[in-house]
Structures are given as C-alpha cells and as structure tokens.
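Residues per chain, in single letters:
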Amino acid sequence: GLAYGNGILYPLGNDDVIDGAYLIDAKSGKTLEHRALPLGGGGCHGGQFHNGKLWLVENRLNCLMRVDPKSWTPEWAMPIYSQTEDTKRWHDMTFDDEGFLWLVTGNDSKGPATGKAGLAKYNASTGECLEYIAFRPGTADPHGLVFHNGKFISCDAGHHPGWADQASKNTGWIFSIEIG
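Treat the numbers as computed from the prediction; the structure is a model and nothing was measured. (Residues numbered from 1 in each chain as written. Predicted model: local features only at pLDDT ≥ 70, side-chain atom pairs only at ≥ 80, totals over all residues. Heavy atoms only, no water.)

Asks: A description of the overall build of the protein chain should follow, citing residues and the corresponding values.
Replies: In terms of regular secondary structure, the protein chain is built from zero helices and 15 strands. On C-alpha atoms alone, the protein chain measures out to a radius of gyration of 16 Å, which is about the 16 Å that the 2.2 N^0.38 rule sets for 180 residues. Taking the principal axes of its C-alpha atoms as reference, the protein chain extends roughly 45 × 35 × 30 Å. For the protein chain, the residues scored as buried account for 45% of the 180 residues in total. In the protein chain, once contacts between residues fewer than 6 apart in sequence are set aside, the share between residues at least 24 apart is 37%. Accessible surface, the protein chain as shown: approximately 9200 Å² in total, 52% of it carbon and sulfur. Averaging the locations of the 15 positively and 21 negatively charged side chains of the protein chain gives two centres separated by 2 Å. (Helix = DSSP H or I, 4+ residues; strand = E, 2+ residues; numbered from the N terminus. Rg over C-alpha atoms; globule rule 2.2 N^0.38 Å. Buried < 20%, exposed > 50% of the residue type's maximum accessible area, 1.4 Å probe, protein only. Contact = heavy atoms within 4.5 Å. Areas by Shrake-Rupley, 256 points an atom, 1.4 Å probe, with all protein chains shown as cover. Lys, Arg positive; Asp, Glu negative; His and termini not counted. Charge placed at Lys NZ, Arg CZ, Asp CG, Glu CD.)

What follows is the structure, given as structure tokens:
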C-alpha cells in the first residue's frame, strides 16, 4: 500500500522485510523513519491519508484503523467485512467524494476462475458496511484503489498467493471500476 499526506509518503509493507510503514519526505526523498503498525498490526495492504489522518488496512487485526500520523496513536478501528468465510483477503482502500470508505476484497482461490474480488463500502464514522459489490469472476484481481475525478481506479498486480505468477488475464492493467 501507499499513502501520502502532509508532505510525507507512507509506503506500507506486509512481509518480513518491510512490515509496517516507512515515512519518506516527499520533497527530498529521504527516509525519515520506519514504524511498526499500531497495536502490533503486522503487515499492511493499503492506506489512505484523509482529513489529516492516516488510515491503514491492518492485516493481522482484520481492521481498518485511523491513526494520528504525528503521535502514531490509533484513534478508531473497525472490523473488515467479509462477504463469505472465503473472502478474507483485502488490499487497498480509498475514500469517495462523499466521505465513504471503500475497500478492495478477495479470496484465497487457486486461480482466476475461482477468484472472488469485490468492493466493500463503509461508513467511516460508524464502521458499518453499507454495501458489498462483487466483481464478475475472472475480470480482474484488483489490488490498488483510488477515487479520482468521480471514478474508482484500480490495478491488477498479477501476484496472488496460490495462483501461477501473472495468471490473471489483466496482470499489469490499470482500470476504472464502474458501479451501477
């Protein structure tokens, strides 16, 4: 994941080498520090800077967490909604122009034919999952997510545990997500 706010770039990691967040001065490119995720969150698949706060997809804690970026103190956390027991993979998040938080979800499938990707829409104040939109099977394995000029934009990274590398027919593509 990757977030940006207040002149700081936040690359977010989820493996043994880069668990947590790096804080990089966006102007100079200098790494300021590396921080573990609050409350021992482990790895992080996504993040978003919104209204002066850093939001994180906390993998180990199965939650979306709002953090004060200066004190690194968690202020709010909400559980991640899973449509079914097997859709417990999540990736990036974004906020739309109405302030709703959207999260890319997926499952632990063996290939694109059984992949179940979607978007979960949340009320960021209450944590309530308001809507879940399932993608058509085999259309993409979305990872990144941004809301820009009234549209959701995502990407298919081509790396999904349990799949052959670049098995998705849309590996490397950046695409808009039409809802409606």
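That was the structure; now back to the text.
Asks: Just give me the short version of the pattern of salt bridges, but keep the residues and values in it.
Replies: Throughout the structure, instances matching the rule amount to four salt bridges. Across the pair glutamate 75 and lysine 53 runs a salt bridge, and its minimum N-O distance is 2.9 Å. Linking glutamate 75 in strand 8 (residues 73-79) with lysine 53 in strand 6 (residues 53-58), this pair joins segments that are 22 residues apart in sequence. Classification of glutamate 75 by relative accessible area gives partly exposed; the value is 35%. Owing to a relative accessible area of 22%, lysine 53 belongs among the partly exposed residues under this scheme. Counted as one network, the salt bridges with shared partners bring together Lys53, Arg66, Asp68 and Glu75. (Salt bridge = Lys/Arg side-chain N within 4 Å of Asp/Glu carboxyl O.)

Asks: Requested: an account of the sheet that holds strand 3 (residues 20-25), with residues and values cited.
Replies: Within a beta sheet, neighbouring strands are joined by backbone hydrogen bonds and run either parallel or antiparallel to one another. Spatially, four strands are ordered 1-2-3-4 in an open sheet, and the strand pairing comes out antiparallel. Edge strands, defined here as strands with exactly one partner in the open sheet, are strand 1 (2-5) and strand 4 (31-35). Ignoring which end each strand starts from, the neighbouring axes of this sheet average 20° apart. Relative to strand 2 (residues 8-13), strand 1 is paired through four bridges, and the arrangement is antiparallel. Across the sheet, leucine 2 pairs through a bridge with proline 11, a residue of strand 2. (Pairing = 2+ DSSP bridges. Axes fitted to C-alpha atoms, helices over the stretch in contact; angles between N-to-C directions.)

Asks: Describe unusual backbone geometry, listing the residues and the values that go with them.
Replies: Unusually for a residue other than glycine, asparagine 51 sits at a positive phi of about 50°. Relative to the helices and strands, asparagine 51 is located in the loop between strand 5 (44-50) and strand 6. On the basis of relative accessibility, which here comes to 67%, the residue asparagine 51 falls in the exposed class.

Asks: Run through the packing of aromatic side chains, naming residues and quoting values.
Replies: All told, the structure shown has four aromatic pairs when counted by the stated rule. Measuring from centroid to centroid gives 6.0 Å for tyrosine 10 and phenylalanine 49, while their planes differ by 20°, and the two rings are stacked. Taken together, the residues tyrosine 10 in strand 2 and phenylalanine 49 in strand 5 connect sequence positions 39 residues apart. Accessibility classification places tyrosine 10 together with phenylalanine 49 in one group, the buried group. When the centroid spacing of 5.4 Å and the interplanar angle of 70° are considered together, the rings of tryptophan 55 and phenylalanine 95 count as edge-to-face. Residue tryptophan 55 is found in strand 6, and its partner phenylalanine 95 is found in strand 9 (residues 89-95); the two are separated by 40 residues along the sequence. Both residues of the pair, tryptophan 55 and phenylalanine 95, belong to the buried class. Every member of this aromatic cluster is reached through a ring pair, and the members are Trp102, Phe147 and Phe152. Between lysine 121 and the ring centre of phenylalanine 100, over which it is positioned, the NZ or CZ distance is 4.3 Å. (Phe/Tyr/Trp six-rings, centres within 6.5 Å; stacked < 30°, edge-to-face > 60°. Lys NZ or Arg CZ within 6 Å of the ring centre and 35° of its normal.)

Function-wise, these values are silent; they only describe arrangement.
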